[in-house]
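Residue-level structure breakdown
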Amino acid sequence: MVTNPISNAEPKMRARDVSVYYGTKKAIDAVSIDIPTEYVTAFIGPSGCGKSTFLRTLNRMNDTIASARVEGRIELDGEDIYESGMDVVQLRARVGMVFQKPNPFPKSIYENVAYGPRIHGFAEGKADLDAVVERSLRRAGLWEEVKDRLEDSGTALSGGQQQRLCIARAIAVEPEVILMDEPCSALDPIATAKIEELIDELRGRYAIVIVTHSMQQAARVSQRTAFFHLGHMVEYGETSQIFTTPRETRTQDYITGRYG
Amino acid sequence: MSNPVPRSVELTRTPGFERRLRQRYAAERRFRLAGLGAILFSVAVLLFLLVTMTINGIGGFQRATLKVPVAFSQVSLALPQGLDSEGAAIRALESQGLPEVIDDFARETLGEEAADELSPDAWRVAAEQIIDDPTLLDRDAQLILPASENLSAALAGDGQAALQPLARRLAAEGVLAERLDLGFLSRSDATDSQLAGIWGALKGSILTMLVTLALAFPIGVLSALYLEEYAPRNRWTDLIEVSINNLAAVPSIIFGLLGLAVFLTLFPSLRSAPLIGGMTLALMTMPVIVISGRNAIKAVPPSIRDGALAIGASPVQVVFHHVLPLALPGILTGTIIGMARALGETAPLLMIGMRAFVATPPDSLTDPATVLPVQIFLWSDEVDRGFVERTSAAIIVLLAFLLVMNGLAIYLRNRFEKTW
């Protein structure tokens, strides 16, 4: 199986034969994939195919589920993230995550963004922290909308604004990889368009992995697409190739809407 | 030729449908009335309780007093300077013959009969008035001094028949009357109902509650946090959960016996102390805090935890920055409910000796003390009519204390409540 169709640079993250079990049930079966930096990689597939599960192994969010067990090897810059030498707090500072449902903290907009830099000690003093907050909100395209009400609660924003706030919160700690788990599924089309635009702007800086139900979205925002089905990664390649000339019939069937 | 009637109209415009519709609305009305009835019933019971208590208790905040004219200018009493304690000043006045002075003037102006019915501690009340206002000693004053228990009963229309004409005569002259006695709130228990007060028991209750809170709140909250956030789900934690739920349902007398067997064996010199009382009540309150705390923690949405974990917060940061602040209103509500229950608890405290007669308010956690509900229990056992009113007054004080605690709970809940 081809795991790195455009083998120009060293991949940011590399997964080899990763299997995930929930108890005795195997949710992911021997997935190998290379995730390049400065690109958007999309995971598509029908519900329950394991794409979100796999995404959560990349920053060890599966650790919070008692019955989950991961086999295989996942590397970040060549370092195994499931090795005992890799600290999970450090890993999550480097691999950020945005969730399906916007989940701002019930604190002020400012506190939402400042929280990460503060707990990691990335900002020296108030002025520095202010600068980090402004920079992150600007990158998330939210600054103009909220700059006059930074002390308002983050939960008072609209759904789309909340999701951009969550993105600002994630990029405030300067991660190298951003994982997005269906970030637009709870949003209306206009908010979705804004997030997609934002993803496109962010991609030059970070390795972005996005799980999505919408094939159109994958086609619009990603350069690489991986198709998951029943815990297997069926096919991985350039997005244009996956959508025009898929090699596997299962991919073709899914893309043409025969199931899913 | 006409439009065909839509199927949905055909189905809903039938007598059967309309009859069922009426039944559905009738069911709703019945339900609403039943709910309203339940609320009205509770309010009526509460009002009945409060009104009866107030009517009975109002007398407890009054006492029968005699108006005694004392011409201090005719005697040479002096309040010595430089005495630091009130006790020393009272003793100084006693040694100068204040009790005799009061007695003489009472005999002179009210007659032998009435003077005999002055409370034996009347001179003490006079001394306190002098200490409050030393200029009294330079002029002729009308002192309001407590009457004896017997005269007080006679004024109310019962007690010794022989005293009743005297009481009627003095009342008619305006010498004897029921007057507001705020001293009830600042004195302690006494054998004479006219001299008894609630402050000792109230202070004992406050000290005991402080000990209970200081022990039960941190232990309860930490247990709840550990069980919800850290403990693995297995047979042992299931067992612990069942035990805690059982502990919350154990009758309070059992906790009293436990306190007697364990705490008083370890610290035999602390019998009747608020410290031991608080420790015993903390055992009882802790499971309530654990249970309500766990429910409050469970109600914090997992998405908040995920969000914090995903930007690299350590588990303890997730707990203290996110979970605990969001769960706090619920935890506080549960804590106050547990504390309110502990405040009203009598049985376990009887077991550890807090039913002793304590005439001075406790100055520390290790002084002998009693608490409000025990004081109520003790006074309700007295036959003297004065104590019946004092009992009701003590109940009013207890209810007011409860009201303050519950008000505090609601204030704290609204203060910390956040939406997500």
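Residues numbered from 1 in each chain as written. Chains lettered and ligands numbered in written order. Predicted model: local features only at pLDDT ≥ 70, side-chain atom pairs only at ≥ 80, totals over all residues.

Focus on the overall build of chain A
What chain A contains, in helices and strands, is 10 helices and 10 strands. If one aligns the C-alpha atoms of chain A with their principal axes, the spans along those axes are about 55 × 45 × 35 Å. When the 260 residues of chain A are sorted by exposure, 47% land in the buried category. (Helix = DSSP H or I, 4+ residues; strand = E, 2+ residues; numbered from the N terminus. Buried ≥ 20, exposed ≤ 12 C-beta atoms within 10 Å, placed from the backbone.)

Looking at the overall build of chain B
When helices and strands are tallied, chain B shows 17 helices and three strands. Relative to the globule expectation of 22 Å for 420 residues, the C-alpha radius of gyration of chain B, 31 Å, shows a markedly less compact shape. With respect to the three principal axes, the spread of C-alpha positions in chain B is 115 × 65 × 40 Å. Counting the 420 residues in chain B, one finds 37% classified as buried. Excluding contacts between residues fewer than 6 apart, the proportion of contacts in chain B whose partners are at least 24 apart in sequence is 77%. (Rg over C-alpha atoms; globule rule 2.2 N^0.38 Å. Contact = placed C-beta atoms within 7 Å.)

Regarding the sheet that holds strand S3 (residues 176-180) of chain B
Residues and elements named next belong to chain B. With respect to topology, three strands assemble into an open sheet ordered S2-S1-S3, the strand pairing being antiparallel. The open sheet has two edge strands, strand S2 (140-146) and S3, and neither has a second partner. When strand polarity is set aside, the average angle formed by the axes of neighbouring strands in this sheet is 45°. Of the strand pairs in this sheet, strand S1 (residues 62-71) and S3 are connected by five bridges, and their pairing is antiparallel. (Pairing = 2+ DSSP bridges. Axes fitted to C-alpha atoms, helices over the stretch in contact; angles between N-to-C directions.)

Thoughts on the pairing of strand S1 (residues 13-22) of chain A
In regular strands, side chains alternate between the two faces of the sheet. Residues and elements named next belong to chain A. As defined by bridge partners, S1 adjoins strand S4 (residues 68-76) across eight bridges and the pair is classed as antiparallel. Paired with Ala-15 across the strands is Ile-74, a residue of S4. Note that S1 and strand S2 (residues 25-35) share seven bridges and pair antiparallel. Paired with Tyr-21 across the strands is Lys-26, a residue of S2. What sits between S1 and S2 in their antiparallel hairpin is a turn of two residues, with Gly-23 showing a positive phi close to 65°.

Structural notes on the interface of chain B and chain A
Across the contact, 18 residues belong to chain B and 22 residues belong to chain A. Elements with a minimum of two residues in the side of chain B that touches chain A: helix H13 (302-310) and helix H14 (315-343) of chain B. Counting residues per element, the side of chain B that touches chain A draws most heavily on H13 of chain B, which supplies six residues. The class makeup of the residues in the side of chain B that touches chain A is eight nonpolar, seven polar and three charged. (Nonpolar A, V, L, I, M, F, W, Y, C, P; charged D, E, K, R; others polar.)

As for the packing of helix H16 (residues 372-380) of chain B against helix H17 (residues 385-416) of chain B
Residue and element names in this part refer to chain B. Running from N to C, H16 and H17 point in directions that differ by 165°, and their axes come no closer than 9 Å. It follows that H16 is roughly antiparallel to H17 by the angle criterion. The element H16 and its partner H17 pack so that their crossing is left-handed. Along its contact with H16, which presents Leu-372, Pro-373, Gln-375, Ile-376, Trp-379 and Ser-380, the element H17 presents Phe-387, Arg-390, Thr-391, Ala-394, Ile-395, Val-397, Leu-398 and Phe-401. Broken down by class, the residue content of the contact of H16 with H17 amounts to 10 nonpolar, three polar and one charged. (Parallel < 35°, antiparallel > 145°, perpendicular 65-115°, else oblique. Left-handed = near helix turned anticlockwise from the far one by under 90°.)

Things to note about the nonpolar core
Counting residues in each nonpolar core, the largest one holds 142 residues, and the members touching the most others are Phe-43, Ala-168, Leu-179, Ile-208, Val-209 and Ile-210 of chain A together with Ala-394 of chain B. When residues of this core are assigned to their parent elements, the largest contribution, 13 residues, is made by helix H12 (residues 274-298) of chain B. Core analysis: the second largest hydrophobic core is formed by 30 residues, Val-70, Leu-98, Val-101 and Ala-147 of chain B among them. (Core = buried A, V, L, I, M, F, W, Y, C linked by C-beta atoms within 7 Å.)

Some points on unusual backbone geometry
All names here are of chain A. Even without being a glycine, Asp-17 presents a positive backbone phi close to 50°. As for its placement among the helices and strands, Asp-17 is situated in strand S1. Residue Leu-230 is not a glycine yet carries a positive backbone phi of 50°. Within the secondary structure layout, Leu-230 lies in the loop between strand S9 (224-229) and strand S10 (232-238).

A word on the packing of helix H3 (residues 109-120) of chain A against helix H6 (residues 159-171) of chain A
Residue and element names in this part refer to chain A. The geometry of H3 relative to H6 is characterised by a closest axis approach of 7 Å and an angle of 30° between their N-to-C directions. Considering the angle they form, H3 stands roughly parallel to H6. Of the two elements, H3 crosses H6, and the hand of that crossing is right-handed. Within the contact between the two elements, H3 uses Ile-109, Asn-112, Val-113, Tyr-115 and Gly-116 and H6 uses Leu-165, Ala-168 and Arg-169. When grouped by side-chain class, the residues that make up the contact of H3 with H6 number five nonpolar, two polar and one charged.

Some words on the environment of Ile-297 of chain B
Residues and elements named next belong to chain B. Mapping Ile-297 onto the fold places it in helix H12. Measuring from C-alpha to C-alpha, the distance between Ile-297 and Ala-127 comes to 58 Å, with 170 residues separating the pair along the chain. Apart from the residues lying within four places of it in its own chain, the contact partners of Ile-297 are Ala-224, Leu-225, Glu-228, Val-323 and Ala-327.

Observations concerning the sheet that holds strand S3 (residues 40-44) of chain A
All names here are of chain A. Pairing within the open sheet is mixed, and its six strands lie in the order S6-S7-S8-S3-S9-S10. In this open sheet, the two strands that pair with only one neighbour each are strand S6 (95-98) and S10. Averaged over all neighbouring strand pairs, the angle between strand axes comes to 15°, with direction disregarded. By the bridge criterion, four bridges tie S3 to S9 in an arrangement that is parallel. What sits directly across from Ala-42, in S9, is Thr-225. Each of S6 and strand S7 (177-181) is contacted by H6, which is oriented at about 170° to S6, the strand it contacts most.

Geometry only, nothing functional implied.
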